[in-house]
Amino acid sequence: MAKPRVIIVGGGFAGLAAAKALRKTPAKVILIDRTNHHLFQPLLYQVATSVLTPSQIATPIRSIFRKQKNTTVILGEVSGVDKGQKCVMVSDADRQNVPIAYDYLILATGASHSYFGHNEFAEYAPGLKSLADAEASRNKILQAFELAEAEEDPSRHRDLLTFILVGAGPTGVEMAGALAVFVRSTLKSDFRRINPVSARIVLVDMAPRVLGTFSESLSKAAKQRLEKLGVEVRLGHSVDQIDADGIVVAGERIASKTVIWTAGVAPSPAGKWLNVEMDRAGRVRIQKDLTVPAHPEILVVGDTASLDQNGKPLPGVAQVAMQQGRYAGKLIHGRIVGNSPPRPFSYFDKGNMAVVGKGFAVLQSGRVQVSGFLAWLTWAAVHLQFLATSSLRLSVFLQWIWTYVTGQRGDRLIVNHHGTEVGKPAADANVKPAFAGR
Ligand SMILES: Cc1cc2nc3c(=O)[nH]c(=O)nc-3n(C[C@H](O)[C@H](O)[C@H](O)COP(=O)(O)OP(=O)(O)OC[C@H]3O[C@@H](n4cnc5c(N)ncnc54)[C@H](O)[C@@H]3O)c2cc1C
């Protein structure tokens, strides 16, 4: 009898965990992703701020499964699901909408940016979701310093050296802290005509406090730390406008050529493919066993799924994605080998962490609330542990020690001159910045 076919769409935290849980299953597992790598998104901001290189936070999915013989990896983009015919539509560089049949389907397609209905902001405020995004932000930041150094008119330095982060959740806070350390230590001695230390870093959010999912005292500690690092924290007002000249917040224009979007996320279109009930954010409403109602063969996991526990929706974090992915893999394994069904999925919350600059983090786990160096050490250990391979763990560990001790960073190259001109959208990429030489 032919082995059942399990298709997993998405090689992020959830998809990877599902595929690994199916390693001993007598099935053909096919993992489809539109990129060839698994990305460790929590460290994207370190690529954007030059601490790490892209290859230190991403691993080819194919190499992760090289020893898992029942698993085939396919580079392709899924654009739809035919529930009746039980197949997914996959496109690649050569072919469009090729149907691939499944017996079981796990959708783990994650999330992308949401500009809260202001898609026009995207042109001037790139988000931070993929490696390409992180490299684009790094290019933009580094190029701003280069342009300022080349600019003879000192009145333009202020705009060029103002960096705005929109969104004071973990990504915005971590990015602001890392950027402050970058300009005040790494870049300090590198320029002759500008003083990088004078760079203005502004973190903006409509919420009344930073790190809104943490306790008030940790959020206060994080804000104080940011301010100590020289970050200007502006809360309680949403951004009204973002354009080539900066932002408008609470009626005030803040001139800047580098604005980065670190706010909302929108789930993948998996709910539309399935034509099933979604929550207000567009995530697929799933049942306690992570299946879609009336389709026990389809499971949706991670950031693109919506499940309540204790009356509250589970957060879009890596821990939820990994635990759901593992559960989905085990559930399908059990069905294939004839085991009795597992108990409903239950998320075990190990806690939240966010790092704020060098040697400082906030940590909240149950009743435990810690801020400072100890929390930072825990943050570092946990993040190292969850990197996909031991070679990445070693490489990142050594880089962090090097950066901590010397202040120097791993990757300060501007690798793509096209589309990174400060303050200009990518479409304007062919316009080269004018060199206002001496
Ligand atoms: C900048 C940033 C920082 C974060 N920091 C933290 C943190 O500190 N702690 C924490 O717990 N969480 C953090 N998160 C959230 C965490 O990364 C996500 O919750 C987690 O990645 C969700 O896992 P996932 O598998 O659902 O989706 P993802 O990890 O996003 O994976 C989705 C995968 O699906 C693929 N895909 C999407 N659509 C298609 C398609 N149509 N066809 C084929 N493939 C497709 C993508 O290429 C991707 O590989 C952060 C997220 C970001 C963006």
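A brief report on the enclosed structure follows.

Here is what the cut-offs are and how they apply
- Residues numbered from 1 in each chain as written.
- Predicted model: local features only at pLDDT ≥ 70, side-chain atom pairs only at ≥ 80, totals over all residues.
- Heavy atoms only, no water.
- Patch = residues over 30% accessible without salt bridge, like charges linked within 9 Å, V, L, I, M, F, W, Y side chains within 5 Å.
- Areas by Shrake-Rupley, 256 points an atom, 1.4 Å probe, with all protein chains shown as cover.
- Salt bridge = Lys/Arg side-chain N within 4 Å of Asp/Glu carboxyl O.
- Helix = DSSP H or I, 4+ residues; strand = E, 2+ residues; numbered from the N terminus.
- Pairing = 2+ DSSP bridges.
- Axes fitted to C-alpha atoms, helices over the stretch in contact; angles between N-to-C directions.
- Near = heavy atom within 4 Å.
- Polar contact = N/O pair within 3.5 Å; in protein donor to acceptor, adjacent residues only side chain to side chain.
- Nonpolar A, V, L, I, M, F, W, Y, C, P; charged D, E, K, R; others polar.
- Contact = heavy atoms within 4.5 Å.
- Phe/Tyr/Trp six-rings, centres within 6.5 Å; stacked < 30°, edge-to-face > 60°.
- Buried < 20%, exposed > 50% of the residue type's maximum accessible area, 1.4 Å probe, protein only.
- Lys NZ or Arg CZ within 6 Å of the ring centre and 35° of its normal.

Quick notes on a nonpolar patch on the surface
Turning to step 1, where the next piece is worked out: Taken together, the side chains of F373, L374, L377, L394, F397, L398, I401, Y404 and V405 make up a nonpolar region of the molecular surface, amounting to roughly 870 Å² of accessible area.
Turning to step 2, where the next piece is worked out: At the level of secondary structure, the elements contributing two or more residues to the nonpolar patch comprise α10 (373–386) and α11 (390–406).
Turning to step 3, where the next piece is worked out: Examining the composition of the nonpolar patch, we find that 6 residues originate from one element, α11, more than from any other.
Turning to step 4, where the next piece is worked out: Note on placement: L398 falls in helix α11.

Details of the pairing of strand β14 (residues 239–243)
Turning to step 1, where the next piece is worked out: Alignment of β14 against strand β15 (residues 246–249), held across 4 bridges, turns out to be antiparallel. Among the inter-strand pairings, Q241 is bridged to a residue of β15, identified as V248.
Turning to step 2, where the next piece is worked out: Hairpin connection, β14 to β15: the antiparallel pair is bridged by 2 residues.

Topic: the sheet that holds β14
Turning to step 1, where the next piece is worked out: Across the sheet, 3 strands lie side by side as β14-β15-β16; this open sheet has antiparallel pairing. The sheet is open, and its two edges are formed by β14 and β16 (252–255), each paired on a single side. The average undirected angle you get between the axes of adjacent strands in this sheet is 20 degrees.

Section: the site of the ligand
Turning to step 1, where the next piece is worked out: Around the ligand lies a shell of 27 residues, among which A14, D33, Q41, V78 and D303 are the nearest.
Turning to step 2, where the next piece is worked out: Backbone polar atom of F13 to an oxygen atom of the ligand: 3.1 Å apart, as the coordinates give it.
Turning to step 3, where the next piece is worked out: With the chains in place, 89% of the 990 Å² that the ligand exposes on its own is no longer accessible.
Turning to step 4, where the next piece is worked out: Within the residue set of the shell around the ligand, elements represented by two or more residues are α1 (13–21), β6 (77–82) and α9 (318–337).
Turning to step 5, where the next piece is worked out: Here the residues of the shell around the ligand are counted per class, giving 11 nonpolar, 11 polar and 5 charged.

What about the environment of L131?
Turning to step 1, where the next piece is worked out: As for its placement among the helices and strands, L131 is situated in helix α4 (residues 131–150).
Turning to step 2, where the next piece is worked out: Taking C-alpha positions, L131 is 15 Å from G110, a pair spaced 21 residues apart along the chain.
Turning to step 3, where the next piece is worked out: Look past the residues within four positions of L131 in its chain and what remains in contact with it is H37, L39, L44, P54, I57 and A58.

Some points on the packing of aromatic side chains
Given two aromatic rings, one states the distance between the centres and the angle between the planes to describe the pair.
Turning to step 1, where the next piece is worked out: Counted by the stated rule, this structure contains 10 aromatic pairs.
Turning to step 2, where the next piece is worked out: When the centroid spacing of 5.6 Å and the interplanar angle of 85 degrees are considered together, the rings of Y327 and F345 count as edge-to-face. On the criterion of sequence distance, the pair formed by Y327 in helix α9 and F345 in the loop between α9 and β25 (352–355) is long-range, its members being 18 residues apart. Taken as a pair, Y327 and F345 share a single burial class, namely buried.
Turning to step 3, where the next piece is worked out: Ring-pair connections join several aromatic residues into one group, and the members of that group are Y115, F116, F121 and W261.
Turning to step 4, where the next piece is worked out: Sitting over the ring of Y404, K358 keeps its end group 4.6 Å from the ring centre.

The values are spatial; any link to function lies outside them.
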